[in-house]
Amino acid sequence: MYKLIDGKLISTTIKDELKQEVADKNIKATLAVIQVGNDPASSVYVGNKKKACEYIGIGSKSFELPEETTEEELLKLIDELNADDSINGILVQLPVPKHIDDEKIINRISPLKDVDGFHPESVGNLCIGQEGFVSCTPAGIIELLKRSDVSIEGKECVVIGRSNIVGKPMALLLLANNGTVTVCHSRTKDLKKVCKRADILVAAVGKPKMITAEYVKEGAVVIDVGIHRMDNGKLCGDVDFDDVAPHTSAITPVPGGVGPMTIAMLMVNCVKAAKRR
Ligand code: NDP
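All figures in this text were calculated on a predicted structure; none of them were measured in a lab. (Residues numbered from 1 in each chain as written. Predicted model: local features only at pLDDT ≥ 70, side-chain atom pairs only at ≥ 80, totals over all residues. Heavy atoms only, no water.)

J.: What should I look at first to understand the overall build of the chain in this one?
T.: Along its length, the chain carries 10 helices and 11 strands. In terms of C-alpha radius of gyration, the chain reaches 19 Å, essentially the compact-globule figure of 19 Å for 277 residues. Based on the C-alpha atoms only, the size of the chain along its principal axes is roughly 50 × 45 × 40 Å. Within the chain, the proportion of its 277 residues that are buried is 49%. In the chain, once contacts between residues fewer than 6 apart in sequence are set aside, the share between residues at least 24 apart is 70%. When the accessible area of the chain is evaluated, it comes to approximately 13,600 Å², of which 52% is carbon and sulfur surface. Across the chain, the mean location of the 35 positive side-chain charges is 3 Å away from that of the 38 negative side-chain charges. (Helix = DSSP H or I, 4+ residues; strand = E, 2+ residues; numbered from the N terminus. Rg over C-alpha atoms; globule rule 2.2 N^0.38 Å. Buried < 20%, exposed > 50% of the residue type's maximum accessible area, 1.4 Å probe, protein only. Contact = heavy atoms within 4.5 Å. Areas by Shrake-Rupley, 256 points an atom, 1.4 Å probe, with all protein chains shown as cover. Lys, Arg positive; Asp, Glu negative; His and termini not counted. Charge placed at Lys NZ, Arg CZ, Asp CG, Glu CD.)

Shown next as structure tokens:
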């Protein structure tokens, strides 16, 4: 029988720990959340991030900018927030409208306030094993594994996906935790065979239910990063849960697995930003 890794429960535990720490140490922190345009999915994410701030007892300041905001205007706001001592973390909800270069935006946020962990300095620190902000989704996956007593050391870890925000930092974190790591992508030959080697398989491929039992070694731990809305309105992941779960020793569901951890780790980064200052 497999174990269901409960991201909802683990994320609540983390937020409760933070809430306690913020109260005990009288930590004062404020997160600036910038949204450009009114994409409904982004509005939901932004709303959840503000709610999480409130829950753990830190402030949030919202900047809801119109779709036609120029790149220069957004960069100017980031400069102001970088210089504002009352702001500890800055988050620009992605994606930004097409006329804005997201790379320029990410690079402009001060590395000291980069709570999303996307700045090249943060990524560089992760790469060479130095202290810094780590991208929230992969950091959340490491917490899920640790808090579910899944040891990473010496394990064959296969990550499907090499994006800057999930796949690559995931691979670096597994490596930092002494896993033996393989990263797969759209040009990988014989993906099933490579995945079948994994003791820990992380699917961040962005294709609904692509990972079936044929990709999974008996007894593997499977982490599903994907999130997709199906025609019937329900959510599913990159993993075909019903097909795969019976072959695993532990697996994350969608929803309720990796998703809630992303926001919990954002809160960890906000508290860290306040303490670093
Ligand atoms: P991207 O689309 O940026 O990356 C997808 C990766 O999968 C790419 O590296 C791509 O390879 C690879 N890939 C695509 N098709 C195949 C294939 N057939 N075989 C092997 N590899 C393939 O996605 P993200 O990393 O941003 O996100 C991945 C998933 O995670 C999405 O479903 C997204 O919605 C979800 N997500 C969930 C979050 C959460 O909080 N739960 C947070 C962030 C993302 P190549 O590089 O060669 O193109």
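J.: What's the story with the domain arrangement of the chain in this structure? I'm lost.
T.: Accessible area lost on assembly of the parts is the figure often given for the size of an interface. You can read the domains of the chain as domain 1 (27-112) and domain 2 (136-259). For domain 1 versus domain 2, the separation of C-alpha centres amounts to 29 Å. (Domains from an automatic or database assignment.)

J.: I'm lost on the site of the ligand in this one. Help?
T.: In the neighbourhood of the ligand, 21 residues make up the surrounding shell, with Arg162, Ser163, His185, Ser186 and Thr262 lying closest. Between a nitrogen atom of the ligand and a side-chain N or O atom of Lys207, the distance comes to 3.4 Å. In isolation the ligand has 920 Å² of accessible area, and contact with the protein removes 70% of it. Per-element accounting of the shell around the ligand gives the leading share, three residues, to helix 10 (residues 258-276). For the shell around the ligand, a count of residues per class yields eight nonpolar, 10 polar and three charged. (Near = heavy atom within 4 Å. Polar contact = N/O pair within 3.5 Å; in protein donor to acceptor, adjacent residues only side chain to side chain. Nonpolar A, V, L, I, M, F, W, Y, C, P; charged D, E, K, R; others polar.)

J.: What is the right way to look at the side chain of Glu21 in this model?
T.: Following the sequence through the fold, Glu21 ends up in helix 1 (residues 7-24). In this structure Glu21 comes out as buried when scored by relative accessible area, which is 18%. Contact partners of Glu21, with chain neighbours within four places excluded, come to Asn26, Ile27, Val271 and Lys275.

J.: Help me understand the state of the cysteines in this model?
T.: In a disulfide, the sulfur atoms of two cysteines are held together by a covalent bond. Scanning the entire structure with this criterion turns up zero disulfides. In this structure Cys127 is a free cysteine whose sulfur lies 17 Å from that of Cys157, the closest cysteine sulfur available. No disulfide involves Cys157; its nearest neighbouring cysteine sulfur is the one of Cys184, lying 12 Å away. (Disulfide = S-S within 2.5 Å.)

J.: What am I meant to see in unusual backbone geometry here?
T.: Glycine aside, negative phi is the norm for most residues, and most peptide bonds take the trans geometry. A cis amide bond links Leu94 to the next residue, Pro95, at an omega of 0 degrees. The amide bond that connects Val254 to the next residue, Pro255, takes the cis arrangement and shows omega of 0 degrees. Residue placement: Pro255 occurs in the loop between strand 11 (248-251) and helix 10. A positive phi angle is found at Asn26, which is not glycine, with a value near 50 degrees. For Asn26, the location among the structural elements is in the loop between helix 1 and strand 2 (30-36). Given the relative accessible area of 53%, Asn26 is considered exposed. Unusually for a residue other than glycine, Asp190 sits at a positive phi of about 50 degrees.

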